[in-house]
Amino acid sequence: MGSRNCIIGATGYIGKNLAYFLNEKGESISCYDLSDTGSEPWMNHRALDMTDLEAVRELDLDYDFIYFFAGLTGTSQGFDDVQRYNDVNVLGLSNLLTCMREKDSKARILFPSTRLVYKGVAQTPLAENAEKEPKTIYALNKLTCESLLQMYSQVFDINYTVFRICVPYGYLLPEGYSYGTIGFFMSKASKKEDISLFGDGELRRTFTHVADICMAMYKASYIALTNKNIYNIGGENLSLKEAANIVAHKYGVGLSYVDWPEMALKIESGDTIFDDTKLKDAIGNYLNYKLNTAKL
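This structure is a prediction, so every number in the text was calculated from the model and none was measured. (Residues numbered from 1 in each chain as written. Predicted model: local features only at pLDDT ≥ 70, side-chain atom pairs only at ≥ 80, totals over all residues. Heavy atoms only, no water.)

Student: Would you mind showing me how to read the sheet that holds strand 12 (residues 236-239) here?
Tutor: As a general point, the strands of a sheet are linked pairwise by backbone hydrogen bonds and lie either parallel or antiparallel. The strand order across the open sheet built from 3 strands is 8-10-12, with neighbouring strands paired in mixed fashion. The open sheet has two free edges, formed respectively by strand 8 (167-169) and strand 12, since each of these has just one partner strand. The sheet shows a mean angle of 40° between the axes of neighbouring strands, taken without regard to direction. Alignment of strand 10 (residues 204-209) against strand 12, held across 4 bridges, turns out to be antiparallel. Its bridge partner being in strand 12, Thr206 is matched across the sheet by Asn237. Where helix 6 (residues 210-221) meets the sheet, it contacts strand 8 and strand 10, and its direction lies at approximately 75° from that of strand 10. (Pairing = 2+ DSSP bridges. Helix = DSSP H or I, 4+ residues; strand = E, 2+ residues; numbered from the N terminus. Axes fitted to C-alpha atoms, helices over the stretch in contact; angles between N-to-C directions. Contact = heavy atoms within 4.5 Å.)

Below you can see the structure in the form of structure tokens.
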């Protein structure tokens, strides 16, 4: 479609897959990350520290879309390094918003949020207005960033779309890897070790292939209705046990069950199943992958 795209945090899991996706679509991309290593030649990749306001002021904001994927992920790790999490996850976005305000940028920020902002409800799909209960510094950072985007949009007419992502997996690049939950399952299974689950493994999540995540963001970016809005990205509703069994079957291993570690139990949000009706109403179907048939 010929848009000008900037990806900040382009060497991370979703960022790099999105860069590949947009490049394959023939879109113009400029990629930035804290380091200038770990990229492919076609990524047009440069180093940028988003916590350095003066460095961010040098960023060319003449883009149609700015995908903001820079940040630290993690669960309990944030409690041990609160300042760094706040700087990287919140200050970085604040600096971008400051510069967009100063330059009167009309680019639209595409921002990935997380399932961890929600208070989970057993066996119940969560719509975007469901109750929030962040239990980690990372989750609080994401919810704060959502509020920052809404605030700057209301006061300074900044354009944005937030996409809440539950459990991503899979890859688009010729040589890639699965991230997070499925990545952990595969790491165990590829070593011919049984996949371990906390408790009974019956907690439920929405699992989404990274290709479907990229397609959702891509399609939504071109639709005016999705501007200044928040969306859940959908996928398959599976228990952790069901997902682990799919991976275990492919590798010929079994499952094992262990007691919940104290910290993990304290920060566990429960079932997080996404209702993506709002997104489907806006962009139509975008889901094409299933865990049991996808390359992992």
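Student: What is the right way to read the pairing of strand 5 (residues 108-114) from this model?
Tutor: The side chains of a regular strand alternate between the sheet's two faces. Of all the 7 residues making up strand 5, 7 are buried; the element is thus mostly covered by neighbouring parts of the structure. The alternating pattern of strand 5 places Arg108, Leu110, Pro112 and Thr114 on one face and Ile109, Phe111 and Ser113 on the opposite face, and all of these are buried. Running through helix 3 (residues 82-103), the crossover from strand 4 (residues 65-68) to the neighbouring parallel element strand 5 is right-handed. Where strand 5 and strand 7 (residues 159-165) come together, 7 bridges link them in parallel fashion. What sits directly across from Phe111, in strand 7, is Val162. (Buried < 20%, exposed > 50% of the residue type's maximum accessible area, 1.4 Å probe, protein only. Right-handed = clockwise from strand over helix to strand, strands pointing away.)

Student: When you look at the packing of helix 1 (residues 13-24) against helix 6 in this model, what are you seeing that I'm missing?
Tutor: Packed helices, taken two at a time, are described by their axes: the angle between them and the distance between them. Where helix 1 meets helix 6, the axes come as close as 10 Å, and the angle between the chain directions of the two elements is 65°. By the criterion of interaxial angle, the relationship of helix 1 to helix 6 is roughly perpendicular. Here helix 1 and helix 6 pass one another in a crossing that is right-handed. Along its contact with helix 1, which presents Tyr13, Asn17, Leu18, Phe21 and Leu22, the element helix 6 presents Val210, Ala211, Cys214, Met215 and Tyr218. A class-by-class count of the residues in the contact of helix 1 with helix 6 yields 9 nonpolar, 1 polar and no charged. (Parallel < 35°, antiparallel > 145°, perpendicular 65-115°, else oblique. Left-handed = near helix turned anticlockwise from the far one by under 90°. Nonpolar A, V, L, I, M, F, W, Y, C, P; charged D, E, K, R; others polar.)

Student: Explain the pattern of salt bridges here, please?
Tutor: When charged atoms on two side chains of opposite charge get close, those side chains can pair. Across all of its chains, the model carries 14 salt bridges by this definition. A salt bridge links Arg205 to Glu268; the shortest N-O distance between them is 3.0 Å. Of this pair, Arg205 sits in strand 10 while Glu268 sits in the loop between helix 8 (262-267) and strand 14 (273-274), and the two are 63 residues apart along the sequence. Taken individually, Arg205 and Glu268 each receive the classification buried, so the pair is uniform in this respect. Salt bridges sharing partners connect three or more residues here, namely Asp104, Lys106, Asp157 and Lys228. (Salt bridge = Lys/Arg side-chain N within 4 Å of Asp/Glu carboxyl O.)

Student: How should unusual backbone geometry be read in this particular structure?
Tutor: Comment: phi is negative for the bulk of residues other than glycine, and the bulk of peptide bonds are trans. Of note in this structure, Asp104 is not a glycine but carries a positive phi near 50°. Locating Asp104 in the fold gives a position in the loop between helix 3 and strand 5. Within the chain, Lys228 stands out as a residue other than glycine whose phi angle is a positive 60°. Its location among the elements puts Lys228 in the loop between helix 6 and strand 11 (229-232).

Student: Sorry if this is basic, but what is going on with the nonpolar core here?
Tutor: Considering soluble globular proteins, one finds that nonpolar side chains tend to be buried as a cluster. Ranked by internal contacts, the top residues of the largest apolar core, which has 30 residues, are Ile7, Leu22, Tyr67 and Ile233. Secondary-structure elements contributing two or more residues to this core are helix 1, strand 2 (28-33), strand 4, strand 7, helix 6 and helix 9 (277-283). In terms of residues, this core owes the most to one element, helix 6, which gives 7 residues. Residues Leu126, Ala130, Ile182 and Ala189 belong to the second largest nonpolar core, which totals 29 residues. (Core = buried A, V, L, I, M, F, W, Y, C linked by side-chain atoms within 4.5 Å.)

Student: How should the side chain of Asn95 be read in this particular structure?
Tutor: Structurally, Asn95 is set in helix 3. When sequence neighbours within four positions are dropped, the list of residues in contact with Asn95 reads Met50, Thr51, Asp52, Leu53 and Val56.

Student: Is there a simple way to explain the sheet that holds strand 1 (residues 4-8) in this structure?
Tutor: Taken together, 7 strands build an open sheet; the order of strands is 3-2-1-4-5-7-11 and the sheet is parallel. Only two strands of the sheet have a single neighbouring strand rather than two, namely strand 3 (45-47) and strand 11. Each adjacent strand pair in this sheet contributes to an overall mean axis angle of 20°, direction not counted. Where strand 4 lies against strand 5, 3 bridges are found, and the strand directions are parallel. Across the sheet, residue Tyr67 finds its bridge partner in strand 5, namely Leu110.

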